[in-house]
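Listed below are the residues making up each chain.
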Amino acid sequence: MTQLRKGKRVSGDLRAEVQRSLVEQYEAGASIRSLAADCGRSYGFVQGVLKDAGVEFRSRGGSRPLVKNSAGAQGAHGR
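Our subject in this report is the structure included herewith.

Conventions and cut-offs
- Here the residue index of a chain counts from 1 through its sequence in written order.
- Whole-chain, interface and lining totals are the exception, using all residues; otherwise, since this is a predicted model, local features are given only for residues with pLDDT of at least 70 and side-chain atom pairs are given and counted only at 80 or more.
- The basis for every side-chain value is the complete set of non-hydrogen atoms in the structure, without hydrogens or water.
- Any two of the Phe, Tyr and Trp rings considered here, Trp counted by its six-membered ring, make a pair once their centres fall within 6.5 Å; the pair's planes then place it as stacked at under 30 degrees, edge-to-face at over 60, or tilted in between.
- Helix numbering and strand numbering both begin at the N terminus, where a helix is a DSSP run of H or I of at least 4 residues and a strand a DSSP run of E of at least 2.
- Only protein chains enter the accessibility calculation, which uses a 1.4 Å probe; a residue is then buried when its area is under 20% of its type maximum, exposed when over 50%, and partly exposed in between.
- Comment: the charge-over-ring label is applied if NZ (Lys) or CZ (Arg) is within 6 Å of the ring centre and within 35 degrees of the ring normal.
- Fitted lines through C-alpha atoms serve as axes, helices being fitted only where they are in contact, and the angles separating the N-to-C directions of these axes extend from 0 to 180 degrees.
- Every angle not falling under 35 degrees, over 145, or within 65 to 115 is termed oblique; those three ranges are roughly parallel, roughly antiparallel and roughly perpendicular.
- Residues are treated as being in contact if the distance between any of their heavy atoms lies within 4.5 Å.
- Here the term charged refers only to Asp, Glu, Lys and Arg, the term nonpolar to Ala, Val, Leu, Ile, Met, Phe, Trp, Tyr, Cys and Pro, and the term polar to all other amino acids, Gly among them.
- In this tally, Asp and Glu contribute negative charge and Lys and Arg positive charge; neither His nor the terminal groups of the chain are included.
- Between Lys or Arg on one side and Asp or Glu on the other, a salt bridge is scored when a side-chain nitrogen of the former is within 4 Å of a carboxyl oxygen of the latter.

With that settled, consider the packing of aromatic side chains. Applying the stated criterion across every chain, the model contains one aromatic pair. Consider the rings of Tyr26 and Phe57, whose centres lie 5.9 Å apart with planes at 70°: the pair is edge-to-face. Here Tyr26, found in helix 1 (residues 12–27), pairs with Phe57, found in the loop between helix 3 (43–52) and strand 1 (67–68); they are 31 residues apart in sequence, far enough to count as distant. For Tyr26, a relative accessible area of 4% translates into the label buried. In this structure, Arg41 packs its charged tip against the face of Phe45, placed 4.5 Å from the ring centre. Residue placement shows Arg58 over the ring face of Tyr26; its charged tip is 4.0 Å from the ring centre.

Set out below in structure tokens:
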């Protein structure tokens, strides 16, 4: 993706093009943070563009295995 100049308004055809690219990359597994770094815009900008496109966001941090703690109870973080 091309670097977008910081502070430049992204609207019209340019926004549609940026949105298509961001959606495609996000759905292919790229993180919002990495997309923001690649295009030179903020996390909030990228998240907003994806939200406007109706993207279903992945949960934070991916899946975590269940770990038994010393008392035998199960929890997501082993507590």
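In a pair of packed helices, the angle between the axes and the distance between the axes together describe the arrangement. At a closest axis distance of 9 Å, the pairing of helix 1 and helix 3 adopts a crossing angle of 90°. One way to sum up the angle between helix 1 and helix 3 is to call them roughly perpendicular. Counted together, Arg15, Val18, Gln19, Leu22, Val23 and Tyr26 of helix 1 and Phe45, Val46, Val49, Leu50 and Asp52 of helix 3 form the full contact between these two elements. When grouped by side-chain class, the residues that make up the contact of helix 1 with helix 3 number eight nonpolar, one polar and two charged.

To continue, consider the side chain of Arg41. Among the secondary structure elements, Arg41 is positioned in the loop between helix 2 (32–39) and helix 3. Asp52 provides the closest opposite charge to the buried, salt-bridge-free Arg41, at an N-O distance of 12 Å.

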